[in-house]
Amino acid sequence: REIIQEGLKFMKHSKRKVLTCRDLGSAFKQLNIDRPYGYPSSSSIKYTHLPGTDDLWILQDKSVDLKQALSEKFPAIPVEPALHLHWLAIEGVKPFLSENQLESIFEDLNRKTHEEGEEESMEHEQEDKAKTKIVPAVRHVLSKEARVYFDKLAIYIRNDFSELAVDKKRTKMQEYHQVLVSLKSTPSITQLCPYILSFIVNEQFNRKYEDLHLNYRVIAFLGALVSNKYVNLEPYLHQALPIVMSCIVNSKLSAEPSDNHWLLREQAGSVLAKICYLYDDEGKRIRSKICNQLKAAISDPSKSFMTQYGAIQALTFFGPMQYENYILPCLKAYLESDKVQGHLINPTLESVQAQRCIHALQFASCEYMRYCFKTTINQPEKGRDVLKTYTYLQEIFGDSILARSGFDALLYRRLNDIQAYDSRGGMNQTPLTNFI
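Described below are features of the structure shown in this document.

Each value, and the rule that gives it
- Residues numbered from 1 in each chain as written.
- Predicted model: local features only at pLDDT ≥ 70, side-chain atom pairs only at ≥ 80, totals over all residues.
- Heavy atoms only, no water.
- Helix = DSSP H or I, 4+ residues; strand = E, 2+ residues; numbered from the N terminus.
- Buried < 20%, exposed > 50% of the residue type's maximum accessible area, 1.4 Å probe, protein only.
- Contact = heavy atoms within 4.5 Å.
- Areas by Shrake-Rupley, 256 points an atom, 1.4 Å probe, with all protein chains shown as cover.
- Phe/Tyr/Trp six-rings, centres within 6.5 Å; stacked < 30°, edge-to-face > 60°.
- Lys NZ or Arg CZ within 6 Å of the ring centre and 35° of its normal.
- Patch = residues over 30% accessible without salt bridge, like charges linked within 9 Å, V, L, I, M, F, W, Y side chains within 5 Å.
- Salt bridge = Lys/Arg side-chain N within 4 Å of Asp/Glu carboxyl O.
- Expected span 1.5 Å × (residues − 1).
- Axes fitted to C-alpha atoms, helices over the stretch in contact; angles between N-to-C directions.
- Parallel < 35°, antiparallel > 145°, perpendicular 65-115°, else oblique.
- Left-handed = near helix turned anticlockwise from the far one by under 90°.
- Nonpolar A, V, L, I, M, F, W, Y, C, P; charged D, E, K, R; others polar.
- Core = buried A, V, L, I, M, F, W, Y, C linked by side-chain atoms within 4.5 Å.
- Polar contact = N/O pair within 3.5 Å; in protein donor to acceptor, adjacent residues only side chain to side chain.

**Re the overall build of the chain**
For step 1, the next point in the chain: What the chain contains, in helices and strands, is 20 helices and two strands.
For step 2, the next point in the chain: When the 436 residues of the chain are sorted by exposure, 32% land in the buried category.
For step 3, the next point in the chain: Within the chain, contacts between residues at least 6 apart in sequence are counted, and of these 64% link residues at least 24 apart.
For step 4, the next point in the chain: Just so you have it, the chain exposes about 29,500 Å², and 55% of that area is on carbon and sulfur atoms.

Below, the structure written as structure tokens:
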């Protein structure tokens, strides 16, 4: 009794409501009593002599009947640990998900462990239930004007009006361009973004990306949404990026291979570059991931020329630095590959596609050289690196690389003079503008 009273004093001084073993240990120490170790057993403890020793005894193991053990039901196999993603909050609103309900359950359990006794815990639980207000998930309701506007958008996405008469078709096309202009400038279009993207995904999936006119309209609508400065597409990039990437690298975007799907890939590449420019940051690294995928499509010989053409055009829109990092290292290997050289010999449809890819690479190389020549004027110390790059591209494409870059052969001779001047150690003293 005295020990328990001393333990209760330690409990109260520690500002706790539950008596612990540490409180009793402190009471034993206060009363100068040796601490007991162990605890009595309700059953008798049986020891057995360990064979091969003189005075070593061990606890006797309990005998288990094998038949009885096999007749009993085996416990359920535990579930393997796994991880999966779910939304904690969307636009500051906590979604109604089973995972979020589990978090509230764990919070209740942690709270109950700190309550005193079963009766008090039941009282607290009833009080919490009385205070807690369960709010059902609110469905996003669009206004009547927004629904009418969305219905209009759906009509112009789904139909191309090719079967109408000339006058009616001209009127519909004018309305179509007005719709695109409104998408670029309407501030209140943000709440319609998930509905528009879901509608586009369903339409393209149902038609298996083989409707070329639908793909053109989809890219035009996405480009208008991206150009709208009032719209934030970041929460919906997981829907928008697959749509654009499919219109770039999908091998079949039309019912007939002779259709002009090349322009569609160029437009989709422009929209993709703009999305990455607006919503890329160091944490997400969207641009680097997409560029790596496009480079893999160019380097993979199993991909079609149409896929490779779209990847080349998309990387070209990303700018000269992406060309230098992703296209230039694999340029020569791609052009000398058996796939490209084999189709250039035989005049087939694929040879025309291969020529398209070569022309796209040549155009991207010319744009890169134009950028290098302009930067060299302000940074003359880079003249030697530009000459090396130009020589490398000249071996691949010939002298046309300089003419297509917007410069003549006179500039090349002056660049050679710069190289000779650099070899004498004077590059850092005289600016490049004195030579041009």
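**Some thoughts on the packing of aromatic side chains**
For step 1, the next point in the chain: Applying the stated criterion to the full structure yields five aromatic pairs.
For step 2, the next point in the chain: Centre to centre, the rings of F150 and Y195 are 6.4 Å apart; their planes meet at 65°, and the pair counts as edge-to-face. Of the two residues, F150 is situated in helix α6 (residues 144-158) and Y195 in helix α8 (residues 193-207); the sequence distance between them amounts to 45 residues.
For step 3, the next point in the chain: According to the relative accessible area criterion, Y195 is partly exposed, its value standing at 29%.
For step 4, the next point in the chain: Ring centres of Y176 and F221 lie 6.0 Å apart, and the angle between their planes is 50°; on these two criteria the pair is classed as tilted. Residue Y176 is located in helix α7 (residues 166-185), and its partner F221 is located in helix α9 (residues 212-227); the two are separated by 45 residues in the primary sequence. Here Y176 matches F221 in class, with each residue buried.
For step 5, the next point in the chain: One aromatic cluster in this structure is built from F150, Y195 and F199.
For step 6, the next point in the chain: K339 extends its terminal NZ or CZ atom over the ring of F305, reaching a point 4.6 Å from the ring centre.

**Some remarks on unusual backbone geometry**
Glycine aside, negative phi is the norm for most residues, and most peptide bonds take the trans geometry.
For step 1, the next point in the chain: A positive phi angle, close to 60°, is found at K15, a residue other than glycine.
For step 2, the next point in the chain: Structurally, K15 is set in the loop between α1 (2-13) and α2 (21-30).
For step 3, the next point in the chain: Classification of K15 by relative accessible area gives exposed; the value is 78%.

**Concerning a nonpolar patch on the surface**
For step 1, the next point in the chain: Judged by side-chain polarity, I45, Y47, W57 and L59 come together as a nonpolar surface patch covering roughly 480 Å² of accessible area.
For step 2, the next point in the chain: With respect to the secondary-structure elements, Y47 resides in strand β1 (residues 47-49).

**Examining the environment of R147**
For step 1, the next point in the chain: Within the secondary structure layout, R147 lies in helix α6.
For step 2, the next point in the chain: Since its relative accessible area comes to 46%, R147 is described here as partly exposed.

**Regarding helix α10 (residues 237-249)**
Since the α-helix packs 3.6 residues into each turn, any two residues three or four apart lie on the same face.
For step 1, the next point in the chain: With 13 residues, α10 extends 18 Å from end C-alpha to end C-alpha; this agrees with the ideal 18 Å at 1.5 Å per step.
For step 2, the next point in the chain: Of all 13 residues that make up α10, 10 are buried, and the element is covered over most of its length.
For step 3, the next point in the chain: Those residues of α10 not exposed but buried are L237, Q239, A240, L241, I243, V244, M245, S246, C247 and I248.
For step 4, the next point in the chain: Those residues of α10 hidden inside the fold are in contact with α8, α9, α11 (262-279), α12 (286-299) and α13 (305-317).

**Here's the deal with the packing of α12 against α13**
For step 1, the next point in the chain: At their nearest, the axes of α12 and α13 sit 8 Å apart, and the two run at 140° to each other. Classified by the interaxial angle, the pair formed by α12 and α13 is oblique. For the pair α12 and α13, the sense of crossing is left-handed. Contacts from C291, L294, K295, A297 and I298 in α12 reach T307, Q308, A311, I312, A314 and L315 in α13.
For step 2, the next point in the chain: For the contact of α12 with α13, a count of residues per class yields eight nonpolar, two polar and one charged.

**Focus: the nonpolar core**
For step 1, the next point in the chain: One finds F221, L272, I290, L294 and F318 to be the most contacted residues of the largest nonpolar core, which totals 87 residues.
For step 2, the next point in the chain: Not counting residues within four places of it along the chain, the set of residues in contact with F318 comprises L272, A273, C276, R287, I290, C291 and L294.

**Details of the environment of N325**
For step 1, the next point in the chain: Structurally, N325 can be placed in helix α14 (residues 320-327).
For step 2, the next point in the chain: What makes N325 partly exposed here is its relative accessible area of 45%.
For step 3, the next point in the chain: Taking the C-alpha atoms as reference points, N325 and C291, separated by 34 residues in sequence, lie 9.4 Å from one another.

**Here we look at the pattern of salt bridges**
For step 1, the next point in the chain: Counted by the stated rule, this structure contains six salt bridges.
For step 2, the next point in the chain: In this structure, E6 engages K9 in a salt bridge whose closest nitrogen and oxygen atoms are separated by 3.5 Å. A residue pair is termed a helical-turn pair when its members lie 3 or 4 positions apart in one helix, as E6 and K9 do in helix α1 at three residues.
For step 3, the next point in the chain: Judged by relative accessible area, which is 16%, E6 ranks as buried.
For step 4, the next point in the chain: The salt bridge involving K172 is made with E175; its shortest N-O contact spans 3.9 Å.

**Focus on the side chain of E203**
For step 1, the next point in the chain: Assignment of secondary structure puts E203 in helix α8.
For step 2, the next point in the chain: Taking the relative accessible area as the measure of exposure, E203 reaches 10% and is therefore buried.
For step 3, the next point in the chain: Of note is the side chain of E203, whose polar atom sits 3.4 Å from the side chain of R158.
For step 4, the next point in the chain: Setting aside residues no more than four positions away along its own chain, E203 makes contact with R158 and L214.

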